[in-house]
Amino acid sequence: MKILLNAWAKIHYAPPPSAFVLRQWVRKGEIVPAPELVGRAYYVDDTARRIVAGRPARPSLVERLKARP
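Residues numbered from 1 in each chain as written. Predicted model: local features only at pLDDT ≥ 70, side-chain atom pairs only at ≥ 80, totals over all residues. Heavy atoms only, no water.

Draft legend 1. Up close: the overall build of the protein. Secondary structure assignment for the protein yields three helices and five strands. The linear arrangement of helices and strands in the protein, starting from the amino end, is β-α-α-β-β-β-β-α. Counting across all 69 residues of the protein, residues that qualify as buried make up 19%. A total of about 5300 Å² of accessible surface is found on the protein, and carbon and sulfur atoms cover 58% of it. On the protein, the mean spot of the 13 positive side-chain charges and the mean spot of the 5 negative ones are 5 Å from each other. (Helix = DSSP H or I, 4+ residues; strand = E, 2+ residues; numbered from the N terminus. Buried < 20%, exposed > 50% of the residue type's maximum accessible area, 1.4 Å probe, protein only. Areas by Shrake-Rupley, 256 points an atom, 1.4 Å probe, with all protein chains shown as cover. Lys, Arg positive; Asp, Glu negative; His and termini not counted. Charge placed at Lys NZ, Arg CZ, Asp CG, Glu CD.)

See below:
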């Protein structure tokens, strides 16, 4: 399910980053899977996560095993 980027930030961060910082993360490609721009708002999967610089941009082994058919 897709939710607004600000709502996603409130779930994952306390206090949540500003809208400016969230847009920077989107432009840098740090949120995986990438948010979708609809009109003026970004929508992101509720299971999305931020990939911090230096970490591989791929799911963990556990997530890959769970996704297998």
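Still to come is the rest of the account.
Draft legend 2. Expanded view of the packing of helix α1 (residues 5-12) against helix α2 (residues 19-28). Put simply, α1 and α2 touch, their axes get as near as 11 Å, and they point 100 degrees apart. Regarding the angle of α1 to α2, the classification is roughly perpendicular. Taken together, the residues of α2 that come into contact with α1 (itself represented by Leu 5, Asn 6, Trp 8 and Ala 9) are Ala 19, Leu 22, Trp 25 and Val 26. For the contact of α1 with α2, a count of residues per class yields seven nonpolar, one polar and no charged. (Axes fitted to C-alpha atoms, helices over the stretch in contact; angles between N-to-C directions. Parallel < 35°, antiparallel > 145°, perpendicular 65-115°, else oblique. Contact = heavy atoms within 4.5 Å. Nonpolar A, V, L, I, M, F, W, Y, C, P; charged D, E, K, R; others polar.)

Draft legend 3. Examining the side chain of Glu 30 more closely. Note that Glu 30 resides in the loop between α2 and β2 (31-32). Apart from the residues lying within four places of it in its own chain, the contact partners of Glu 30 are Trp 25, Arg 49, Arg 50 and Ile 51.

Draft legend 4. Highlighting α2. When α2 is considered as a whole, its buried residues turn out to be Leu 22, Trp 25 and Val 26. One side of α2 carries all its buried residues, which in axial view fall inside an arc of 100 degrees. Facing away from the buried side of α2 by more than 90 degrees, the exposed set consists of Arg 27 and Lys 28. On the buried face of α2, the contacting elements are α1, β2, β4 (41-45) and β5 (49-50). Once α2 finishes, Gly 29 follows within two positions and takes phi at roughly 75 degrees, a positive value. (Arc of directions from axis to C-beta.)

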